[in-house]
Amino acid sequence: MRRPRPLPAALACSAALLLTVLATSPAPAEGRELWGSVTIVPGHQGLLEVAGYGGPALGAGSRLTLTAPQPAEVTATPLVDGVYRGAVAADGGTGSYTFTGTATGAGTETGTETETGAGTGTGAGSATGTAAEPGPWLGRTFPFVLSVPATAVPGTRLSGCAMVVTDAAGARRDQGACTVTVGLPDPALTQPLAGVPLGRRPTIAGTAYPGAQVTVRDQNEDEVCSTTATAPGGTWSCVPGTDLPAGAGRLQATATFNGVSAASEQIRITVT
């Protein structure tokens, strides 16, 4: 029975090099959907950042389009980049970025394998190339400015926010959904005034979103008093149920409505 002949040293090294390159080459990334989220209070604007493209490198004319959820509108595409051109529809219903550059696809593989042994010889091999830059849309974040009308109800998640990437021929290459939540305006403490000496049970007042539950806490996060902003304009007031400790302290109001919350700035107080 004939025994198999050993591989020549150079051929064995080449095979070893091939196995090394295959073992160290990164596996293709799994596809990911586009994503983005933002919370915007009524009557204000916010920045929705879209990321997550995991498809193939696309060429000039490929486009990322964001459809704004109702009743929000796209007001700007603020990315400053020479190869991505931003645009906003006249009605604010959509915003987009169009790639105007050239896709890159060169890759790099580098490896060296050397084998030395008595009577077998020495072999070496290498593979080199040019490093590839990330293709269009890959590893990038694309900002869209959205506005939410003053009539939007805090705690509402606006429906209809969607994103899609298409190639130059208009074929869909990736898609995703975005989350736009209507936030709660910050409450304000209007009484007491900071730095004015107070009695042990001062009246505490301010403004908040109408219907919000307001809780006032001290510097130790202990509740001082609470109430609901039911008066016109969202004004509210409450009085501590127990005496405040004498000396320096802080107060802060937190408003909660429909599952979202917001906090006022802290004020410094002195209780005599």
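Residues numbered from 1 in each chain as written. Predicted model: local features only at pLDDT ≥ 70, side-chain atom pairs only at ≥ 80, totals over all residues. Heavy atoms only, no water.

Moving on, we get to the overall build of the chain. What the chain contains, in helices and strands, is one helix and 21 strands. Restricting the contact set of the chain to residue pairs at least 6 apart, pairs at least 24 apart contribute 65%. With an accessible surface of roughly 15200 Å², the chain has 53% of that area assigned to carbon and sulfur atoms. (Helix = DSSP H or I, 4+ residues; strand = E, 2+ residues; numbered from the N terminus. Contact = heavy atoms within 4.5 Å. Areas by Shrake-Rupley, 256 points an atom, 1.4 Å probe, with all protein chains shown as cover.)

Attention shifts here to the sheet that holds strand β9 (residues 142-147). Here three strands make up an open sheet; going across it, the order is β2-β9-β4 and the pairing antiparallel. A single partner strand is all that each edge strand has here, and the edge strands are β2 (45-50) and β4 (73-76). The average undirected angle you get between the axes of adjacent strands in this sheet is 45 degrees. With three bridges connecting them, β4 and β9 associate as antiparallel partners. By the bridge assignment, A76 is partnered in β9 with V145. (Pairing = 2+ DSSP bridges. Axes fitted to C-alpha atoms, helices over the stretch in contact; angles between N-to-C directions.)

Summed over the entire model, instances satisfying the criterion amount to one cavity of 30 Å³ or more. Partitioning the lining of the largest cavity into residue classes produces eight nonpolar, one polar and one charged. (1 Å grid on protein atoms, 1.4 Å probe; cavity = no way out; pocket = protein on both sides within 12 Å on 5 of 7 lines; lining within 4 Å. Points joined across faces, edges and corners; volume = space filled by probe spheres on them. Nonpolar A, V, L, I, M, F, W, Y, C, P; charged D, E, K, R; others polar.)

The alternating pattern of strand β1 (residues 34-40) places L34, G36, V38 and I40 on a buried face, while none of W35, S37 and T39, on the opposite face, is buried. Across seven bridges, the pairing between β1 and strand β12 (residues 172-182) is parallel. From the neighbouring strand, S37 faces β12, where its bridge partner is T179. (Buried < 20%, exposed > 50% of the residue type's maximum accessible area, 1.4 Å probe, protein only.)

Moving on, we get to the pairing of strand β3 (residues 63-67). The two faces of β3 differ: L64 and L66 on one face are buried, but R63, T65 and T67 on the other face are not. As paired strands, β3 and strand β6 (residues 94-99) are joined by five bridges and run antiparallel to one another. Among the inter-strand pairings, L66 is bridged to a residue of β6, identified as G95. The sheet contact formed by β3 and strand β11 (residues 162-166) spans five bridges and is antiparallel. By the bridge assignment, R63 is partnered in β11 with T166.

We now examine the pattern of salt bridges. All told, the structure shown has three salt bridges when counted by the stated rule. Taking the shortest distance from any N to any O, the salt bridge between R140 and D81 comes out at 2.9 Å. Placement of R140 in the loop between β8 (121-127) and β9 and of D81 in the loop between β4 and β5 (84-88) is noted, with a sequence separation of 59 residues between them. A relative accessible area of 25% places D81 in the partly exposed class. R201 is the partner of D243 in a salt bridge, and the nearest nitrogen-oxygen pair spans 2.7 Å. Of this pair, D243 sits in the loop between β18 (235-238) and β19 (247-257) while R201 sits in the loop between β14 (197-198) and β15 (204-207), and the two are 42 residues apart along the sequence. For D243, a relative accessible area of 42% corresponds to the partly exposed category. The exposure class of R201 is partly exposed, given its relative accessible area of 46%. (Salt bridge = Lys/Arg side-chain N within 4 Å of Asp/Glu carboxyl O.)

On to the environment of G61. With respect to the helices and strands, G61 occurs in the loop between β2 and β3. Separated by 37 residues in the primary sequence, G61 and T98 place their C-alpha atoms 6.0 Å from one another. Sequence-distant contacts of G61, defined by excluding residues within four places in its chain, comprise T98, F99, D167 and A168.

In this section: the nonpolar core. Counting 29 residues, the largest nonpolar core has L48, L64, L66, W137, F142, F144 and L146 as the members making the most contacts within it. Secondary structure elements with two or more residues in this core: β1, β2, β3, β6, β9, β11 and β12. Not counting residues up to four positions away in its chain, the partners in contact with F142 are L48, E49, V50, L64, L79, Y84, Y97 and W137. One finds C225, W236, I267 and V271 within the second-largest nonpolar core, a separate group that totals 22 residues. (Core = buried A, V, L, I, M, F, W, Y, C linked by side-chain atoms within 4.5 Å.)

A complete count under the given rule lists two disulfides for this structure. Shown here is the disulfide that connects C161 with C178, its sulfur atoms set 1.7 Å apart. In this structure, the disulfide formed by C161 and C178 twists by about -95 degrees around the S-S bond and is classed as left-handed. In this pair, C161 sits in the loop between β10 (157-158) and β11 while C178 sits in strand β12, placing the two residues 17 residues apart along the sequence. The burial state of C161 is the same as that of C178; both residues are buried. Here C225 connects covalently by a disulfide to C238, the sulfurs 2.1 Å from one another. When the S-S torsion is 40 degrees, as for the bridge of C225 with C238, the disulfide is right-handed. (Disulfide = S-S within 2.5 Å.)

Note that every value here comes from positions in space, so none of it alone points to a role or purpose.
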